[in-house]
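# Architecture and fold: a report
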Amino acid sequence: FPSHDITAKGFVGRHSTSYTPEIRLLATTFVRLVDSAIFEYNLAREAYFKYYNSTGLGADIPITSLLLPMLSHVENCISNTARAIKLCDAVRKAKIRNTTPLVEKNDWKEIPNAQKIRDMRNDIQHMDEDLIKGKPHGGVILGDGKFKIGLDFIEVLEFHRTIEKLHDISSKDGPIVTGK
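Within each chain, residues carry numbers counting from 1 in the order of the written sequence. Given that this is a predicted model, residues contribute local features only at a pLDDT of at least 70 and side-chain atom pairs are listed and counted only at 80 or more, while totals for whole chains, interfaces and linings are drawn from all residues. Heavy atoms throughout the structure, all of them, feed into the side-chain values; hydrogens and water do not.

Another point: the overall build of the protein. Of the regular secondary structure elements, the protein holds five helices and three strands. Taking all 180 residues of the protein together, the buried fraction comes to 41%. Sequence-distant contacts, at least 24 apart, represent 75% of the contacts inside the protein between residues at least 6 apart. Looking at the protein as shown, the accessible area adds up to about 10,300 Å², and 53% of this sits on carbon and sulfur atoms. Helix and strand labels come from DSSP, where a helix needs a run of H or I of at least four residues and a strand needs a run of E of at least two; each type is numbered from the N terminus. For every residue, the accessible area (1.4 Å probe, protein chains only) is compared with the maximum for its type, and the residue is labelled buried under 20%, exposed over 50%, or partly exposed between those bounds. We call two residues in contact whenever any of their non-hydrogen atoms come within 4.5 Å of each other. The Shrake-Rupley method, run with a 1.4 Å probe sphere, supplies the accessible areas, and residue values consider only the shown protein chains as cover.

Next up on the list: the environment of Ile 111. When you line up the elements, Ile 111 lands in the loop between α3 (105-109) and α4 (114-132). A relative accessible area of 9% means that Ile 111 is categorised as buried.

Let's shift gears to the nonpolar core. A general trend in soluble globular proteins is that nonpolar side chains are found buried together. Among buried residues, those of type Ala, Val, Leu, Ile, Met, Phe, Trp, Tyr and Cys that are joined through side-chain atoms within 4.5 Å constitute a nonpolar core. Ranked by internal contacts, the top residues of the largest apolar core, which has 35 residues, are Phe 30, Ile 78, Cys 88, Ile 111, Ile 117, Phe 159 and Leu 166. Broken down by element, the residue count for this core peaks at 10 residues, all from helix α1 (residues 21-53). For Ile 111, the residues in contact, after removing those within four places along its chain, are Ile 85, Cys 88, Thr 162, Lys 165, Leu 166 and Ile 169.

Moving on, we come to the environment of Glu 75. Checked against the element boundaries, Glu 75 lands in helix α2 (residues 63-93). What makes Glu 75 partly exposed here is its relative accessible area of 24%. Separated by 31 residues in the primary sequence, Glu 75 and Ala 44 place their C-alpha atoms 9.3 Å from one another.

This part is about the packing of aromatic side chains. Aromatic ring pairs are described here by two measures, namely the spacing of the ring centres and the angle between the planes. Stacked, edge-to-face and tilted are the three classes for Phe, Tyr and Trp ring pairs, Trp counted by its six-membered ring, which pair at centre distances within 6.5 Å; planes under 30 degrees apart are stacked, over 60 edge-to-face, the rest tilted. Summed over the entire model, instances satisfying the criterion amount to four aromatic pairs. Ring plane angle 70 degrees and centroid distance 5.4 Å describe the contact between Tyr 48 and Phe 49, whose orientation is recorded as edge-to-face. Judged by its relative accessible area of 28%, Tyr 48 falls in the partly exposed class. Ring centres of Phe 147 and Phe 159 lie 5.6 Å apart, and the angle between their planes is 85 degrees; on these two criteria the pair is classed as edge-to-face. One end of the pair, Phe 147, is in strand β2 (residues 146-149); the other, Phe 159, is in helix α5 (residues 156-170), with 12 residues separating them in the sequence. Feature note: the residues Tyr 41, Phe 147 and Phe 159 constitute an aromatic cluster, connected by ring pairs. Each ring is checked for a lysine NZ or an arginine CZ that lies within 6 Å of its centre and within 35 degrees of its normal; such an atom marks a charge sitting over the ring. When the ring centre of Phe 153 is taken as reference, the NZ or CZ atom of Lys 116 above it lies at 5.6 Å.

In the sections that follow, a salt bridge refers to a side-chain nitrogen of Lys or Arg positioned within 4 Å of a carboxyl oxygen of Asp or Glu. Tallying each qualifying case throughout the model produces three salt bridges. In this structure, Arg 92 and Asp 89 form a salt bridge, with 2.6 Å as the shortest nitrogen-oxygen distance. Of this pair, Arg 92 and Asp 89 are both found in helix α2, three residues apart, which corresponds to roughly one turn of the helix. Since its relative accessible area comes to 26%, Arg 92 is described here as partly exposed. Classification of Asp 89 by relative accessible area gives buried; the value is 13%. Glu 158 is paired through a salt bridge with Lys 116; the nearest N and O atoms lie 3.6 Å apart. Separated by 42 residues along the polypeptide, Glu 158 in helix α5 and Lys 116 in helix α4 bring together distant segments of the chain. On the basis of relative accessibility, which here comes to 23%, the residue Glu 158 falls in the partly exposed class. Note on Lys 116: relative accessible area 31%, which makes it partly exposed. Shared partners join several salt bridges into a network, and the residues in it are Asp 89, Arg 92 and Lys 93.

All quantities given are derived from atomic positions and should not be read as evidence of function.
Put into structure tokens, the structure is as follows:
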């Protein structure tokens, strides 16, 4: 995924001054979280290939030294994606007068796996509490082309499509989101 440059490319549209500061803040935060999810996705991907292609793994290099950073990036990516979905919905529902909605109804309907990703984000957020209470928790597991957290899982390709859709929504051309 290419990263956004939210100072040069906006989401608010051609007449950003017609939106309230609150709506501009929602939109800017949405774009920032999509950008962050993409950043973490790319870092997780790089860490995965470093792990997968390591020749000394398990011998000279402890498995956890390459595995843990990848899992941390996956957790951050899932959390930021869930937050971006939530903000996308808030932007979609925002009351905007005399202008085009920032998120079209059809765009929102096409965000795949939204609830599944929210559930996984909740598993991540409460993992520490589960562990403290002695509840078994598998943490983030990557295998068979899936991310698995607790009882929830998502195919990596499905997850990629969700981030891709959020990227498409947040990549609408327009002026700087700050309204300048």
